[in-house]
Number of protein chains: 2
Amino acid sequence: MSTIKKVCQLAGVSTATVSRALKNPDMVNVKTRERIFKAIAEAGYRPNVLASSVKTGRSNSLVVLVPNLSNPFFLKIIQGIEQAAQESGYSVLLGDTQGDPAREHEYAGMVLSNRADGLIHLDHSFPFSKNDERLAENVAMVSVCERIVADKKYPVVELDNYSACRALANHLVSYGHQNFGVICGQKESQIYRDRLGGIKSVLTEEAIELDDSLVVGGEYSIEAGETGARELLANPNRPTAIFCFNDDIAIGAIHEIKKHGLRVPDDISVVGFDNIKVSGYIDPPLTTIDQPAYEMGRTAVEVVLQQIKNKTLLRDREILPFRLLERASSGQVATR
Amino acid sequence: MSTIKKVCQLAGVSTATVSRALKNPDMVNVKTRERIFKAIAEAGYRPNVLASSVKTGRSNSLVVLVPNLSNPFFLKIIQGIEQAAQESGYSVLLGDTQGDPAREHEYAGMVLSNRADGLIHLDHSFPFSKNDERLAENVAMVSVCERIVADKKYPVVELDNYSACRALANHLVSYGHQNFGVICGQKESQIYRDRLGGIKSVLTEEAIELDDSLVVGGEYSIEAGETGARELLANPNRPTAIFCFNDDIAIGAIHEIKKHGLRVPDDISVVGFDNIKVSGYIDPPLTTIDQPAYEMGRTAVEVVLQQIKNKTLLRDREILPFRLLERASSGQVATR
DNA sequence: CTGTTAGCGCCTTCAT
DNA sequence: ATGAAGGCGCTAACAG
């Protein structure tokens, strides 16, 4: 590994000039610049970014905390993050936390130890350990989809989950459904409250009751969809339509429903949430809410970079638009 | 951000002692150690990893180059990488290259600029630019699934694609199929040659010809599966069984086949490759090759860390086992 | 426009 | 067991 000094020797200049030739080329004479670049090529020199980071105090990277890398929806967000970060000269440190606080603390600590300049969190937990709480106060941090639960308010990039679920509920109600089931993800999150709130608000308007025993689940996975559907099918008060809190859950639910010899949507309608790629290709194609995951990722980067650059944030909530995608997994209520 | 100096003042010791207390605790007196840790807590001190990296020349991170973050199979590999890296104290820099050489060069350059100690590549291209070729000679690098095409041989973690495709072909032949279609991914890769070779070797043994016009595709995506299937269905010599070079392709193909009013597997059998999660939940569940993606990721980390630590590699090919998963998308050949 | 100088924050001999 | 001092590779005033 050749260092800046080797280049100096070859070009017969000082380290400062080499540094300048690289950062502010117009601050150095064309002739010397040429000489320097020739020397750089000859030496096979690459600046040591770590060394400059020590000087500048900027690592030019962002940590991204994901609770579950297997979720295609998160992946789409990460793609957006990665893209936007790269365009701004930042690199992305990936942290798969699996919802484990210890891992969150470890990854979040990267911002404290100068390995990263900012943090994007795809979950609602406060990612720093109790010990680091004080230090974390001035950290650039943004959450996507979920709101971070903490004393201080951190900015968030999200969807209007309440309205999106109202749209789904209205859609199903318009098909004559009266009896609903819900297979949700984690219950302790804002998302859960917003989504269930949205559904309930419509049902209340329609004077429809939501049976508490028909709200099942607790995890965003295909398996949770299977288990949840099984539970709902076994309920004496079997629903004619099921809200699934993401597409993976819906995929599992549909699979399970079919396994019981029932048809979707003829016997039971199923709707999902997210619009992951494959949801348009399963049988039947899934009615779902399209979340602009990629854009959400991009926006998160913008927000966190604004914080890093100390520009004041215009707003601490970025709410992106959703779209109801009516596909074939939802339809007229079955006449019993 | 407090630095080591603040800790020194508080503890009344020198920087050297603090540094030691952190790295080699037993080299320092218990009493002073305690004092130091108290000071650390009080100051809210976190060592600046970048600064130590400059000293040690180690960044303790790995770059991972992925051609396509949307592919769930790659994701599984990345999970394995992330996990194993973390366990060894390394962090993962994610580079979504989209197969673009310019991006590959940029990310690969991270190893040259000390931002990363090693490189894991999920593709077959030589990721460094022509300019960096010389510098890249001693870089720790490993490819997963694909073999890197270069003068120097780099280690690879892969599957015996040839045998896996033989297994698939034998499976389909045993059901009486004689007329095959193939929807492949990129054609310039070793994988393509190995997989097609495996299929052909079985067909040759069975004295079955593979019509060249029935080998279509060129990209690993759901859309490529749709297009490919459409092409194959339109072929006057319509196949009764289709090899898809990954599960996404198979998902697209099955969707398209159904759209044409045909049934899988009654009219046409379809087999995939990878065993992504959702492949067991589509209708019909997909017959496919299970690749131990997670393990592949873990192995890749082991290999690259061995290179970094300059231990000689035991072997430069790690071949992991596959499993043929016979599910419902393949069956008896249709009697016309 | 260029060189000198003084660090960035940490680690690591070398003494003591 | 501890401290002093020098340096990792680079940047950023400050002179000239």
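Treat the numbers as computed from the prediction; the structure is a model and nothing was measured.

## Thoughts on the sheet that holds strand β5 (residues 156-159) of chain A
An order of β11(A)-β5(A)-β4(A)-β3(A)-β1(A)-β2(A)-β2(B)-β1(B)-β3(B)-β4(B)-β5(B)-β11(B) is seen for the twelve strands of this open sheet, with the pairing classed as mixed. At either margin of the open sheet sits one strand with a lone partner, and together these are β11 (317-320) of chain A together with β11 (317-320) of chain B. Averaged over all pairs of adjacent strands, the angle between strand axes in this sheet comes to 25°, irrespective of strand direction. Here four bridges tie strand β5 (residues 156-159) of chain B to β11 of chain B, and the two strands are oriented parallel to one another. Opposite L159 of chain B, over in β11 of chain B, you have L320 of chain B as the bridge partner.

## Overview of the side chain of H124 of chain B
Residue and element names in this part refer to chain B. With respect to the helices and strands, H124 occurs in the loop between β3 (118-121) and β4 (140-144). At 3.2 Å, the side chain of H124 forms a polar contact with the side chain of D123. Not counting residues up to four positions away in its chain, the partners in contact with H124 are E146, R147, I148, V149, Q186, E188 and S189.

## Describing the relation of the copies chain B and chain A
Overlaying chain B on chain A yields an RMSD of 0.1 Å, the required transformation being a rotation through 180° with an accompanying axial translation of 0.0 Å. On this basis, the relationship between the two copies can be described by a two-fold rotation axis. When C-alpha positions in chain B are compared against the rotation axis, the closest is assigned to L93 of chain B, at 2.3 Å. When the interface residues of chain B are mapped onto chain A, 98% of them again lie at the interface, so the same face is used by both copies.

## Focus on the protein's contact with DNA strand C
The environment of DNA strand C is made up of 27 residues, and the closest members are T17, N29 and T32 of chain A together with I4 and Y45 of chain B. Considering DNA strand C, the proportion of its atoms within 4 Å of the protein that are sugar or phosphate atoms stands at 64%. Contact distances for DNA strand C include 3.0 Å between a phosphate oxygen and a backbone N or O atom of S14 of chain A. Between DNA strand C and T17 of chain A, the relevant distance is 2.7 Å, taken from a phosphate oxygen to a side-chain nitrogen or oxygen of the residue. Listing elements by their share of the surface near DNA strand C, those giving two or more residues are α2 (15-23) and α4 (49-56) of chain A together with α1 (4-11), α2 (15-23) and α4 (49-56) of chain B. Broken down by element, the surface near DNA strand C gets its largest block of residues, four residues, from α2 of chain B.

## A word on the sheet that holds strand β9 (residues 269-271) of chain B
All names here are of chain B. Strand order across the open sheet formed by four strands is β7-β6-β8-β9, with parallel pairing between neighbours. Where the open sheet ends on each side, the last strands, each with one partner, are β7 (215-217) and β9. Between one strand and the next, the sheet's axes are offset by a mean angle of 20°, whatever the strand orientation. Where strand β8 (residues 241-244) lies against β9, three bridges are found, and the strand directions are parallel. Across the sheet, residue F243 finds its bridge partner in β9, namely V271.

## Re the pairing of β4 of chain B
Residue and element names in this part refer to chain B. With five of five residues buried, β4 lies mostly within the body of the structure. Here β4 shows two buried faces, one formed by A140, V142 and V144 and the other by M141 and S143. In the sheet, β3 pairs with β4 via four bridges, with the strands oriented parallel. Directly across from H121, in β4, lies its bridge partner S143. In this sheet, β5 lies alongside β4 in parallel orientation, the contact comprising two bridges. Bridging from a neighbouring strand, V144 pairs with V157 of β5.

## Here's the deal with the environment of L305 of chain B
Residues and elements named next belong to chain B. Structurally, the position occupied by L305 is in helix α11 (residues 293-308). Of the residues examined, L305 reaches a relative accessible area of 7% and is grouped as buried. On a C-alpha basis, the gap between L305 and D26 in space is 27 Å, while along the polypeptide they are 279 residues apart. If near-sequence neighbours (up to four positions away) are discounted, L305 is found in contact with L62, S88 and Y90.

## Considerations on the environment of D100 of chain A
Residues and elements named next belong to chain A. Secondary-structure assignment places D100 in the loop between β2 (91-96) and α6 (101-112). According to the relative accessible area criterion, D100 is partly exposed, its value standing at 30%. For the pair D100 and E133, spaced 33 residues apart in sequence, the C-alpha to C-alpha distance is 17 Å. Here the side chain of D100 touches A102 through a polar contact of 3.1 Å, landing on its backbone nitrogen.

## Observations concerning the pattern of salt bridges
All names here are of chain A. Scanning the model with the defined rule gives 32 salt bridges over all chains in all. Here R103 makes a salt bridge to D100, at a shortest N to O gap of 3.8 Å. The exposure class of R103 is buried, given its relative accessible area of 14%. One network of salt bridges, in which partners are shared, links R147, E158, D194 and R317.

## Brief notes about the packing of aromatic side chains
Where two aromatic rings form a pair, the distance of their centres and the angle of their planes describe that pair. This model, assessed by the stated rule, comprises ten aromatic pairs over all chains. Note on F180 of chain A and F243 of chain A: the rings are 5.5 Å apart at their centroids and 35° apart in plane angle, and the pair reads as tilted. Residue F180 of chain A is found in strand β6 (residues 180-184), and its partner F243 of chain A is found in strand β8 (residues 241-244); the two are separated by 63 residues along the sequence. Comparing F180 of chain A with F243 of chain A shows no difference in burial state: the two are buried. Taking the centre distance of 6.5 Å and the plane angle of 55° together, the rings of Y192 of chain B and F245 of chain B count as tilted. Taken as a pair, Y192 of chain B in helix α8 (residues 190-205) and F245 of chain B in the loop between β8 and α10 (247-259) lie far apart in primary sequence, 53 residues in all.

## Examining the UniProt feature "domain: HTH lacI-type" (unreviewed entry) in chain A
The positions that UniProt labels "domain: HTH lacI-type" (unreviewed entry) are, in the present scheme, residues 2-56 of chain A. In residues 2-56 of chain A, helix accounts for 71% and strand for 0%; the two terminal C-alpha atoms are 21 Å from one another.

What counts, and where the lines are drawn
- Residues numbered from 1 in each chain as written.
- Chains lettered and ligands numbered in written order.
- Predicted model: local features only at pLDDT ≥ 70, side-chain atom pairs only at ≥ 80, totals over all residues.
- Heavy atoms only, no water.
- Pairing = 2+ DSSP bridges.
- Helix = DSSP H or I, 4+ residues; strand = E, 2+ residues; numbered from the N terminus.
- Axes fitted to C-alpha atoms, helices over the stretch in contact; angles between N-to-C directions.
- Polar contact = N/O pair within 3.5 Å; in protein donor to acceptor, adjacent residues only side chain to side chain.
- Contact = heavy atoms within 4.5 Å.
- Least-squares fit on C-alpha atoms with pLDDT ≥ 70 in both.
- Near = heavy atom within 4 Å.
- Buried < 20%, exposed > 50% of the residue type's maximum accessible area, 1.4 Å probe, protein only.
- Salt bridge = Lys/Arg side-chain N within 4 Å of Asp/Glu carboxyl O.
- Phe/Tyr/Trp six-rings, centres within 6.5 Å; stacked < 30°, edge-to-face > 60°.
- UniProt positions renumbered as here; feature names shortened; annotations may be inferred.

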